[in-house]
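Listed below are the residues making up each chain.
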Amino acid sequence: MRVYLVIIDETEEALVALQFATRRAAKTDGALHLLALVPPQPFNAFAGVQATIEEEARARAETLVTAAAGNLLSQGAKMPVISVRMGEDIKVVREYLKEHPEVSALVLGAAKEGGPGPLVSHFTGAGMAHMTCPVFVVPGGLDAAAIEKLS
């Protein structure tokens, strides 16, 4: 079974990647892993305040990834594996891939305009040599019909 890993955040790129991966998984009888990243929070000298900031960031990421999973279920897709991790994005994705050798592809979305984001830049550039699976980069300007055709 093919497993597609999608990084979930609040960007349009993430939605495009999720649409592609969802359709691809349905057509290949595959599965989805959704990974929400919580960036490290700026250090605060007061431990209680720091803990609250981190908890709020984690709760926001959990809400986002759970909503994405619920949307998939409402469309008839299989229940995805959901993970929320705190840390530096590239490092967290690499660790996740090491922990989950069943992942068949990392699916990332590209921005409609401007240069690639840090994940696309890393995993299609210098970081590609160390990948354990292919990387799919879905162009951000594609509409639903084009994504359906490509998947």
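See the structure printed just above.
Since the structure is predicted, the reported quantities are computational estimates derived from the model, not experimental observations.

Looking at the nonpolar core
Thought 1: The biggest cluster of nonpolar side chains holds 23 residues, and the ones touching the most others in it are Tyr4, Val6, Ile8, Leu18, Leu32, Leu34 and Val107.
Thought 2: Taken together, the elements giving at least two residues each to this core come down to β1 (3–8), α1 (12–27), β2 (31–38), α2 (47–74) and β4 (105–109).
Thought 3: Top contributing element to this core by residue count: α1, with 6 residues.
Thought 4: What Leu34 contacts, discounting residues up to four positions off in sequence, is Val6, Ile8, Leu18, Val65, Ala68, Ala69, Leu72, Pro80, Val81, Ile82 and Ser83.

Observations concerning the side chain of His100
Thought 1: Mapping His100 onto the fold places it in the loop between α3 (89–99) and β4.
Thought 2: In contact with His100, not counting residues within four places along its chain, are His33 and Arg85.

What about the side chain of Thr22?
Thought 1: Positionally, Thr22 belongs in helix α1.
Thought 2: Beyond its immediate sequence surroundings of up to four residues, Thr22 is in contact with Leu32, Leu72 and Ala77.

Overview of the sheet that holds strand β5 (residues 135–138)
Thought 1: Spatially, the 5 strands line up as an open sheet ordered β3-β2-β1-β4-β5, and their pairing is parallel. Here the strands that pair on one side only, and so sit at the sheet edges, are β3 (81–86) and β5. The sheet shows a mean angle of 25 degrees between the axes of neighbouring strands, direction not considered.
Thought 2: Across 6 bridges, β1 lies against β2 in parallel orientation.

Points about the pattern of salt bridges
Thought 1: Throughout the structure, instances matching the rule amount to 5 salt bridges.
Thought 2: The salt bridge partner of Glu148 is Lys27, with a shortest N-O separation of 3.1 Å. One end of the pair, Glu148, is in helix α5 (residues 144–150); the other, Lys27, is in helix α1, with 121 residues separating them in the sequence.
Thought 3: Judged by relative accessible area, which is 35%, Glu148 ranks as partly exposed.
Thought 4: Judged by relative accessible area, which is 46%, Lys27 ranks as partly exposed.
Thought 5: A salt bridge links Glu99 to Arg85, with the shortest nitrogen-to-oxygen separation between them at 2.7 Å. Of the two residues, Glu99 is situated in helix α3 and Arg85 in strand β3; the sequence distance between them amounts to 14 residues.
Thought 6: On the basis of relative accessibility, which here comes to 47%, the residue Glu99 falls in the partly exposed class.
Thought 7: What emerges from the salt-bridge pattern is a single network uniting Arg23, Lys27 and Glu148.

About the criteria used
- Residues numbered from 1 in each chain as written.
- Predicted model: local features only at pLDDT ≥ 70, side-chain atom pairs only at ≥ 80, totals over all residues.
- Heavy atoms only, no water.
- Core = buried A, V, L, I, M, F, W, Y, C linked by side-chain atoms within 4.5 Å.
- Buried < 20%, exposed > 50% of the residue type's maximum accessible area, 1.4 Å probe, protein only.
- Helix = DSSP H or I, 4+ residues; strand = E, 2+ residues; numbered from the N terminus.
- Contact = heavy atoms within 4.5 Å.
- Pairing = 2+ DSSP bridges.
- Axes fitted to C-alpha atoms, helices over the stretch in contact; angles between N-to-C directions.
- Salt bridge = Lys/Arg side-chain N within 4 Å of Asp/Glu carboxyl O.

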